[in-house]
Amino acid sequence: MTDRIADIWGERTPHGSGQAWPERVDQVLAEGLTDGDVDRWVQSACVLCSNGCGCDIAVKDGKLVGIRGRAQDRVNRGRLGPKGLYGSWQGEEHPDRLTRPLIRVDGRLVETDWDTAMGRIVERSKELLASKGPLSHGFYTSGQLFLEEYYALGMLGKAGIGTPHMDGNTRLCTATAAAALKESFGADGQPGSYTDIDECSAIFLYGHNMAETQTVLWSRVLDRLDGPNPPRLVCIDPRDTEVARRADVHLPVHPGTNLALMNGLVRELFANGWIDEDYIAEHTANVDQLRSVVEPWTPEKVAETCGVQAADVRRAAEIFGTEDRVLSTVLQGFYQSAHATASACQVDNLHLLRGMLGRPGCGLLQMNGQPTAQNNRECGADGDLPGFRNWENPQHVQDLARLWNVDPGIIPDWAPPTHALQIFRYVEQGSIELLWISATNPAVSMPQLERIRHILDQDSLFLVVQDIYLTETAQYADVVLPCAAWGEKTGTFTNADRTVHLSEKAVDPPGEARSDLDVFLEYARWMGFTDKDGRPLLDWSGPEDGFEAWKECSRGRPCDYTGLSYNKLRGGSGIQWPCTEGLPDGTERLYTDGGFPTAPEYCESFGHDLLTGATTGETEYKATVQPGKAWLKALDYTPPHEEPDADYPLRYTTGRTAYHFHTRTKTGRSRRLNDAAPEPWIEMSVEDAARAGCQEGDIARVTSRRGSLEVPVRVGDIRPGTVFAPFHYGYWDTSDGDTSDGGPHRAANELTITEWDPVSKQPLFKNAAVRVEKLRSGDGPSKAPDTTASRRATGAQR
Ligand code: SF4
């Protein structure tokens, strides 16, 4: 195997259209070890992005010592990327791991035992429930727990406490995917499959730097691009990413203008007759409104608004309109930007207008960012009702109450689930007094960090944090619970193309750390949550019980798991849901017959107004949507809230690098990954850097209306007028590890804005205005990676 830090995507194994992707097994073992030294290999899947690559974990003497891709797995056919190879196991074998619970005494966190820590939580929880009721409790979880853990959390929140205040950091990464799928098709669930890469004749990547966010998926694309009959490639991204460099058409739109572009692409389909009239008539509703909304968006108007060439808009539209098998993938460039849901819905619309769904190569992947985000959404840990049930449908609430044997009145269905930023607002206002954060780090990942620090620090809040390290967030906690990591517990999770994997426990967690599932079950037991007959609400003895319980919850719903079991998931490949008695091998693609889950009694949502986010309501929904037909939804473009001006002349956008995951909790502790990208930077174009008097490596101050950063400059191939910052870097590995002082700051989210998409409620991390000033000369080039989109300027950008 090549050095996979330098060679991120590994050796090419080209394949042509319709051919199976060849196997290539990637493996890393601890220095000095060979295969013969490994005691055993334990089946799992990687949890460092949404790709969900099947893998086996190497164990020696009770320790994680390496990893190998699973050749038989449909997702990766043996491959792993840099994060999987170096971050998964190395990131956990670190002396910083939390091994005992901590409680705050006289302002300091001190070690204690589990009973004392849980006793404190339960005492406060009972006190608040008795005095202030369920709205005093909020839960903020992750996209990195296992399915069984989310389902336990969803149950205890909805049927134990009865609070609507529950969300995951999936709100920050994948909420728009769920929202757009619900708006267009009636329910969440990716229509496409990764094998569509092997079959397609064109690929569109919308705000999706796949080359860095899902490196193994990009290897699959590279193998098509280097094989016979390569697909044509269209990239929408303001940066000159690896994807852009391989694209036939690159549309480097101004951040915040995606919807204008999408309206223009849809208009071109209508204008040129590149639509499937029969499919539209049989399988969709609302085409006339869509046509009238996009009508003004000529390529020239798009060009002027988005800062791209009209000819490129036409070329991109022609590719979508004339190729017979187009795959679309969408990610944060759309989801975290203005008009997120409306823009993502226009991607759905492109496929619907051409009748390109449910056929090989015609995939639609509204991607996820995190490995288990899909399960969070399925199980209701993001506030939705489990099993893609509709909180506005009383029958769905009754179903759950029957399943759980609880009074339906306890299930919070009187209002939409409270989204993450609103949960933090309620803490700020003082109505939520117990906030329980699991496996996520809002002190680095939320927008407008100074405000988030104040919220986490306020006296009225009792903060519980469960994690594997003492994160920036955990430093504010009243109680810290040490948890087991991947490889130290068993459970299942589902990737972005609905593939379910089983991850088995390979080693014991360090010290007294426990699985997140054990923590939730223990809390439910201490709280005495019971069903109507007085039996424990969560009487599972372990994760397999949780999985079996979940199967019943999913029965008959779009995400039906009833044909799966732990045994079935052992030994071979992951399997795509729905998997039932009638579909024992799972389901490669959804909507093969052009039928959609939009019937009012079955759908997950009655939809929203894309401009305001107001719910459509059952009456209007029934009047608009014909059961079984998809809904062509559209919105006109309006400029984003914070545009550049004389004081803040540059557009600011945040994103990822191939070498880190989220706030570096694990990848920052992997030596190989951290060496590859050890410190933050900002990227500026040659022109903007010159205007600010900056050269490569100089230290600059970047200021928005909410704060400032002091970081090195990378003069790169980003479109002029736009500044990029990786969002991974916080403060735990700075010299004082301090998150609360007045700076200098380095976390990208010091500058981002507290604003969200009206439908998905996803924060807008890609729309802020900033100015950049040189602070001092650097002592050499910045340490931004030269192997990725952050490489030094080549002059490729216009
Ligand atoms: S592509 Fe994602 S899931 Fe696969 S090895 Fe890399 S980080 Fe892990």
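Thresholds, definitions, all that
- Residues numbered from 1 in each chain as written.
- Predicted model: local features only at pLDDT ≥ 70, side-chain atom pairs only at ≥ 80, totals over all residues.
- Heavy atoms only, no water.
- Near = heavy atom within 4 Å.
- Helix = DSSP H or I, 4+ residues; strand = E, 2+ residues; numbered from the N terminus.
- Nonpolar A, V, L, I, M, F, W, Y, C, P; charged D, E, K, R; others polar.
- Buried < 20%, exposed > 50% of the residue type's maximum accessible area, 1.4 Å probe, protein only.
- Contact = heavy atoms within 4.5 Å.
- Phe/Tyr/Trp six-rings, centres within 6.5 Å; stacked < 30°, edge-to-face > 60°.
- Pairing = 2+ DSSP bridges.
- Axes fitted to C-alpha atoms, helices over the stretch in contact; angles between N-to-C directions.
- Left-handed = near helix turned anticlockwise from the far one by under 90°.
- Arc of directions from axis to C-beta.
- Polar contact = N/O pair within 3.5 Å; in protein donor to acceptor, adjacent residues only side chain to side chain.
- Core = buried A, V, L, I, M, F, W, Y, C linked by side-chain atoms within 4.5 Å.

> Account for the site of the ligand, naming residues and giving values.
Around the ligand, the neighbouring residues are Cys46, Leu48, Cys49, Asn51, Gly52, Cys53, Leu80, Gly81, Lys83, Gly84, Thr215 and Val216. At the level of elements, helix H1 (82-87) and helix H8 (215-225) are the ones that each hand at least two residues to the shell around the ligand. Classifying every residue of the shell around the ligand by side-chain character gives six nonpolar, five polar and one charged.

> Please set out the environment of glutamate 773 residue by residue, giving values where relevant.
Counting through the fold element by element, glutamate 773 comes out in strand E27 (residues 768-776). A residue is classified by how much of its surface remains accessible, and glutamate 773, at 34% relative accessible area, is partly exposed. Sequence separation of glutamate 773 and threonine 703 is 70 residues, and the distance between their C-alpha atoms is 8.5 Å. Look past the residues within four positions of glutamate 773 in its chain and what remains in contact with it is Ile699, Ala700, Arg701 and Thr703.

> Now, about the packing of aromatic side chains: what can you tell me, with residues and values included?
In this structure the tally under the stated criterion is 23 aromatic pairs. Relative to phenylalanine 596, the ring of phenylalanine 185 lies with its centre 5.3 Å away and its plane at 15 degrees, an arrangement referred to as stacked. Here the residue phenylalanine 185 occupies a position in helix H5 (residues 175-185), and phenylalanine 596 occupies one in the loop between strand E20 (575-576) and helix H25 (618-624), the gap between them amounting to 411 residues. Across this residue pair, the class does not change: phenylalanine 185 and phenylalanine 596 are buried. Ring centres 5.3 Å apart and planes at 50 degrees place the aromatic pair phenylalanine 547 and tyrosine 566 in the tilted group. Within this pair, whereas phenylalanine 547 is found in helix H23 (residues 543-554), its partner tyrosine 566 is found in helix H24 (residues 566-569), the two being separated by 19 residues in sequence. Taking relative accessible area as the criterion, phenylalanine 547 reaches 0% and is therefore assigned buried. According to the relative accessible area criterion, tyrosine 566 is buried, its value standing at 2%.

> Account for the sheet that holds strand E9 (residues 202-206), with residues named and values stated.
One open sheet holds the five strands; their spatial order is E11-E10-E9-E13-E14, and the pairing between them is parallel. In this open sheet, the two strands that pair with only one neighbour each are strand E11 (249-251) and strand E14 (364-366). When the angles between neighbouring strand axes are averaged without regard to direction, this sheet yields 10 degrees. Pairing analysis gives five bridges linking E9 to strand E10 (residues 232-236), with the strands arranged parallel. Bridge pairing in E10 places phenylalanine 204 opposite valine 234. Docked against the sheet, helix H14 (residues 310-322) engages E9, E10, E11 and strand E13 (326-330), running at close to 125 degrees with respect to E11.

> Explain the environment of alanine 784 to me, using residue names and the numbers behind them.
Tracing the backbone shows alanine 784 in the segment after E27. Taking the C-alpha atoms as reference points, alanine 784 and threonine 657, 127 residues apart in sequence, are found 9.2 Å from one another. Residues in contact with alanine 784, not counting those within four places in the same chain, are Trp681, Arg714 and Ser790.

> Tell me about the sheet that holds strand E4 (residues 63-69), and please be specific about residues and values.
Strand order in the open sheet formed by four strands is E1-E4-E3-E2, with antiparallel pairing between adjacent strands. Looking at strand neighbours, the two that pair on one side only are strand E1 (27-29) and strand E2 (40-45), the edges of this open sheet. Sheet twist, expressed as the average angle between the axes of neighbouring strands with direction ignored, equals 25 degrees.

> I'd like a description of the packing of helix H10 (residues 258-271) against helix H12 (residues 287-294), backed by residues and values.
With their axes 9 Å apart at the nearest point, H10 and H12 run at an angle of 115 degrees to one another. The chirality of how H10 crosses H12 is left-handed. Judged by residue contacts, Asn263, Val266, Arg267 and Phe270 of H10 engage Val287, Leu290, Arg291, Val293 and Val294 from H12.

> Give a description of helix H18 (residues 394-404) that names residues and reports values.
Each full turn of the α-helix corresponds to 3.6 residues, which orients residues three or four apart in the same direction. All of the buried residues along H18 are His396, Val397, Leu400, Ala401 and Trp404. Projection of H18 onto a plane perpendicular to its axis shows the buried side chains occupying an angular sector of 140 degrees, all on one side. Along H18, the residues that are exposed and aim more than 90 degrees away from the buried face are Pro394 and Arg402. On the buried face of H18, the contacting elements are helix H3 (147-161) and H23. Once H18 finishes, asparagine 405 follows within two positions and takes phi at roughly 55 degrees, a positive value.

> Any details on the side chain of histidine 283? Residues and values, ideally.
Residue placement: histidine 283 occurs in helix H11 (residues 277-283). A distance of 2.8 Å separates a polar side-chain atom of histidine 283 from the backbone oxygen of glycine 594. Residues contacting histidine 283, with those up to four places away along its chain left out, are Asp593, Gly594, Phe596, Lys629 and Ala630.

> I'd like a rundown of the pairing of strand E26 (residues 722-726), residues and numbers included.
For a regular strand, the rule is simple: side chains alternate between the two faces of the sheet. For E26, the buried fraction is high: five of the five residues fall into the buried class. Direction of pairing for strand E22 (residues 650-655) relative to E26: parallel, over a ladder of five bridges. Bridge assignment links threonine 654 to a residue of E26, and that residue is alanine 725.

> For the nonpolar core, give the residues involved together with the corresponding values.
Within the largest apolar cluster, 120 residues are counted, with the highest numbers of intra-cluster contacts made by Phe185, Tyr206, Trp218, Leu251, Leu261 and Leu353. The dominant element in this core, judged by the number of residues it contributes, is H10, at eight residues. Apart from the residues within four sequence positions on either side, leucine 251 is in contact with Val234, Cys235, Ile236, Asp237, Leu261, Val308, Asp312, Val313 and Ala316. Counting 62 residues, the second-largest nonpolar core is a separate cluster that includes Ile411, Phe462, Phe520 and Tyr561.

By themselves these figures say nothing about function.
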